[in-house]
Amino acid sequence: MFYSFFLRTMANMHQSGSDQSGSDNPGKGSTALQEKPAKTKPPSMWQVLMYNDDYTPMEFVVDILTRVFGHSHERATQIMLKVHTEGRGVCGIFPRDVAAMKVEQVMDHARKFEHPLRCGMEEV
């Protein structure tokens, strides 16, 4: 007798789409257990900076800015002059991993040609 009552109750719950908290799908229709949509924020951005020194040729800096950062020759020259006159210049703004890769590429290229060029990154 109890078993038939149990079967009827379960059948009624499934047919009516019951939203009672004890149902098989507790999140469906239940305000207490509903998940909030995850809010993701965009990744933090980092600027890659190049620092002035008295030994690295200006043409080498322009070459790096065009090769590594994809700047036009004119834009690379502007950035190089800013580095030369102000002591540092922004080469680009990227997510952290990309910025770190760009810094490493610049430093490897400078080491390869034995230039003391310095490059770093900081959060924007």
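Residues numbered from 1 in each chain as written. Predicted model: local features only at pLDDT ≥ 70, side-chain atom pairs only at ≥ 80, totals over all residues. Heavy atoms only, no water.

1. Section: the sheet that holds strand 2 (residues 88–95)
Next, step 1: Strand order in this open sheet of three strands is 2-1-3, and the pairing throughout is antiparallel. A strand with exactly one partner marks an edge of an open sheet, and here the two such strands are strand 2 and strand 3 (118–123). Across this sheet, the average inter-strand angle for adjacent strands is 25°, counted without regard to direction.
Next, step 2: Here strand 1 (residues 45–51) runs beside strand 3; their pairing, made up of six bridges, is antiparallel. Counted as the bridge partner of Met50 is Cys119 from strand 3.
Next, step 3: Packed on one face of the sheet, helix 3 (residues 73–86) meets strand 1 and strand 2 and runs near 125° to strand 2. (Pairing = 2+ DSSP bridges. Helix = DSSP H or I, 4+ residues; strand = E, 2+ residues; numbered from the N terminus. Axes fitted to C-alpha atoms, helices over the stretch in contact; angles between N-to-C directions. Contact = heavy atoms within 4.5 Å.)

2. Some thoughts on unusual backbone geometry
Next, step 1: In the Ramachandran plot, Glu114 falls in the positive-phi region, its phi being about 55° despite a non-glycine side chain.
Next, step 2: For Glu114, a relative accessible area of 72% gives the class exposed. (Buried < 20%, exposed > 50% of the residue type's maximum accessible area, 1.4 Å probe, protein only.)

3. Quick word on the nonpolar core
Next, step 1: Val48, Met50, Ile64, Leu65, Phe69, Val106 and Leu117 are the most contacted members of the largest nonpolar core, which has 22 residues in total.
Next, step 2: Sorting elements by how many residues they give to this core places helix 2 (residues 58–67) first, with five residues.
Next, step 3: Setting aside chain neighbours within four positions, we find Ile64 in contact with Met50, Phe69, Val106, His109 and Leu117. (Core = buried A, V, L, I, M, F, W, Y, C linked by side-chain atoms within 4.5 Å.)

4. Things to note about the packing of helix 2 against helix 4 (residues 96–112)
Two numbers describe a pair of packed helices, the interaxial angle and the distance between the axes.
Next, step 1: Running from N to C, helix 2 and helix 4 cross one another at 145°; their axes reach a closest spacing of 11 Å. Note on packing geometry: the crossing formed by helix 2 with helix 4 is right-handed. Of the residues in helix 4, those in contact with Phe60, Asp63 and Ile64 of helix 2 are Val106, His109 and Ala110. (Left-handed = near helix turned anticlockwise from the far one by under 90°.)

5. What about the pattern of salt bridges?
Next, step 1: For the coordinates displayed, the defined rule picks out four salt bridges.
Next, step 2: Asp108 is the partner of Arg111 in a salt bridge, and the nearest nitrogen-oxygen pair spans 2.9 Å. Of this pair, Arg111 and Asp108 both sit in helix 4, three residues apart, roughly one helical turn.
Next, step 3: Residue class for Arg111 comes out exposed when judged on its relative accessible area of 52%.
Next, step 4: Residue classification places Asp108 among the partly exposed positions, given a relative accessible area of 37%. (Salt bridge = Lys/Arg side-chain N within 4 Å of Asp/Glu carboxyl O.)

6. A closer look at the packing of helix 2 against helix 3
Next, step 1: Here helix 2 crosses helix 3 at 130°, and the two axes come no closer than 9 Å. Classed by the angle they form, the pair helix 2 and helix 3 counts as oblique. Both helix 2 and helix 3 take part in a crossing whose hand is right-handed. Residues Met58, Val61, Val62, Leu65 and Thr66 of helix 2 form the contact with helix 3, whose participating residues are His73, Ala76, Thr77, Ile79, Met80 and His84. (Parallel < 35°, antiparallel > 145°, perpendicular 65-115°, else oblique.)

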